[in-house]
Amino acid sequence: MTEERRVLDVDRLSVVHRARGRRSHPVVAVDDVSLGVGAGEIVGVVGESGSGKTSLAMAVAGLGKISTGKVTVSGAEVGKRLSRSARAEIQVILQDPHGSLDPRQSVRRGLRELRGIHAERTAWVTDEELLAKVGLTADLLDRLPHQMSGGQAQRVSIARALLLRPSLLLADEPTSALDVSVQAQILRLLLELRRTEGLAILFISHDLAVVRAVCDQVHVMLRGQVVEHGVTAEVFDRPAHEYTRRLLAAIPGRQTANPVEQAHVSDGSIPGDGHRSPTPVL
Ligand SMILES: Nc1ncnc2c1ncn2[C@@H]1O[C@H](COP(=O)(O)OP(=O)(O)OP(=O)(O)O)[C@@H](O)[C@H]1O
């Protein structure tokens, strides 16, 4: 990937959290990490709980601390005073889709509010077209979050992110709270959006099988450091670091199918490319 095509550039980032108690020490959650994501590329960050993934993600999203180093998204440095439009270049989707939607707001009202705040970025698509891009029909527009399945709510979260035309989507465990078959459908949607919208995606997950299925490149984190990185298939087929080997050995049912292919149950979305007739909502 050439420097010019980089959407995200993380350059020697460190995040040090202050000590929590009087006897504890500061925690180096991210230790001198560098990585990049190009347009249309999906880059994974994997590691066990506590390895620093969330601290890295929060720093990249401009929601967490940057102790040293630099994070740049589409040329604008995260953490500096940025315009609202520059901040919208990164959109985040999280593990709990219901938790990230306002429980009192219908999909339509939520989109209208976003359009009001970001008028300059959102005129490119109607609500109906936007929902079709994420495999949902227009009848979802008048639903409240509790009237949607987990898969539908995650699709709505992705639609809200897409509406702002971000250059980078930060997906932090986006399918961990979903059933396996719904997870597969959301992963396929992300793969499709990377192709159709040219989205760059930073994909944070503890789930190596999922990362293997969707990420072009992978970075393996251990105690705040990237201990191994490279093309996903190469890292997973020939892990160079003992920690990566241990993580791979711990995948349950390693011989089972690719998680992207495990879609047997509908999450209430339109099957396939979103242009065919809708399936009934389960
Ligand atoms: N606000 C904070 N104050 C102090 N220590 C923190 C804070 N946030 C995270 N840490 C510590 O930093 C380290 C990395 O945590 P982080 O949440 O970034 O890792 P993670 O890989 O995302 O783990 P998980 O998947 O459990 O969220 C851990 O030791 C954690 O206890």
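Residues numbered from 1 in each chain as written. Predicted model: local features only at pLDDT ≥ 70, side-chain atom pairs only at ≥ 80, totals over all residues.

Our focus in this paragraph is the overall build of the chain. When its secondary structure is counted, the chain shows 10 helices and 10 strands. Taking all contacts inside the chain whose residues are at least 6 apart in sequence as the whole, residues at least 24 apart take part in 69%. (Helix = DSSP H or I, 4+ residues; strand = E, 2+ residues; numbered from the N terminus. Contact = placed C-beta atoms within 7 Å.)

Here the focus is the sheet that holds strand β6 (residues 90–93). Spatially, the 6 strands line up as an open sheet ordered β6-β7-β8-β3-β9-β10, and their pairing is mixed. Each edge of the sheet is formed by a strand with only one pairing partner; in this case those strands are β6 and β10 (225–231). Across the sheet, the axes of successive neighbouring strands diverge by a mean angle of 15°, strand direction being ignored. Alignment of β6 against strand β7 (residues 168–172), held across 4 bridges, turns out to be parallel. (Pairing = 2+ DSSP bridges. Axes fitted to C-alpha atoms, helices over the stretch in contact; angles between N-to-C directions.)

This part takes up the nonpolar core. Counting residues in each nonpolar core, the largest one holds 70 residues, and the members touching the most others are Val60, Leu168, Leu202 and Phe203. Dropping the residues within four chain positions of it, Phe203 is found in contact with Ile42, Val43, Gly44, Ala171, Val211, Val214 and Cys215. (Core = buried A, V, L, I, M, F, W, Y, C linked by C-beta atoms within 7 Å. Buried ≥ 20, exposed ≤ 12 C-beta atoms within 10 Å, placed from the backbone.)

The residue Arg165 is not glycine, and still its phi comes out positive at about 50°. Mapping Arg165 onto the fold places it in the loop between α6 (150–163) and β7. The class for Arg165 is partly exposed, based on 17 C-beta atoms found within 10 Å. Phi is positive for Glu173, close to 50°, though the residue is something other than glycine. Tracing the sequence through the fold places Glu173 in the loop between β7 and α7 (180–197). Look at Glu173 and you get partly exposed, because 19 C-beta atoms sit within 10 Å.

Strand order across the open sheet formed by 4 strands is β2-β1-β4-β5, with antiparallel pairing between neighbours. Because the sheet does not close on itself, it has two edges, and the strands there are β2 (27–38) and β5 (76–77). The sheet contact formed by strand β1 (residues 6–17) and strand β4 (residues 68–73) spans 5 bridges and is antiparallel. Directly across from Ser14, in β4, lies its bridge partner Thr68.

Time to look at the site of the ligand. Taken together, 13 residues lie near the ligand, and His17, Ala29, Ser49, Thr54 and Ser55 sit nearest. The set of elements that each furnish at least two residues to the shell around the ligand consists of β2 and α1 (53–60). In terms of residue count, α1 provides more of the shell around the ligand than any other element does, 3 residues in total. Looking at the shell around the ligand, its residues break down into 2 nonpolar, 9 polar and 2 charged. (Near = placed C-beta within 6 Å. Nonpolar A, V, L, I, M, F, W, Y, C, P; charged D, E, K, R; others polar.)

Okay, the packing of helix α3 (residues 107–117) against α6 next. With their axes 10 Å apart at the nearest point, α3 and α6 run at an angle of 20° to one another. With respect to their mutual orientation, α3 and α6 come out roughly parallel. Judged by the sense of rotation from one axis to the other, the crossing of α3 with α6 is right-handed. Where α3 abuts α6, its residues Val107, Gly110, Leu111 and Leu114 lie against Val156, Arg160 and Leu163. Across the contact of α3 with α6, the residue classes tally to 5 nonpolar, 1 polar and 1 charged. (Parallel < 35°, antiparallel > 145°, perpendicular 65-115°, else oblique. Left-handed = near helix turned anticlockwise from the far one by under 90°.)

The next subject is the pairing of β10. Where strand β9 (residues 217–222) and β10 come together, 6 bridges link them in antiparallel fashion. Bridge pairing in β10 links Gln217 to Val231. In textbook terms, the turn of a hairpin is the stretch between consecutive antiparallel strands, and for β9 and β10 this stretch comprises 2 residues, one of which, Arg223, has a positive phi near 45°.

A few words now on α7. End to end, α7 covers 25 Å across 18 residues, agreeing with the expected 26 Å (1.5 Å per residue, within 8%). Taken together, the buried positions of α7 are Val182, Gln183, Ala184, Gln185, Ile186, Leu187, Leu189 and Leu190. Buried residues along α7 sit against α6, β7, β8 (200–205) and α8 (208–214). Of the residues flanking the end of α7, it is Gly198, one or two places downstream, whose phi is positive at about 65°. (Expected span 1.5 Å × (residues − 1).)

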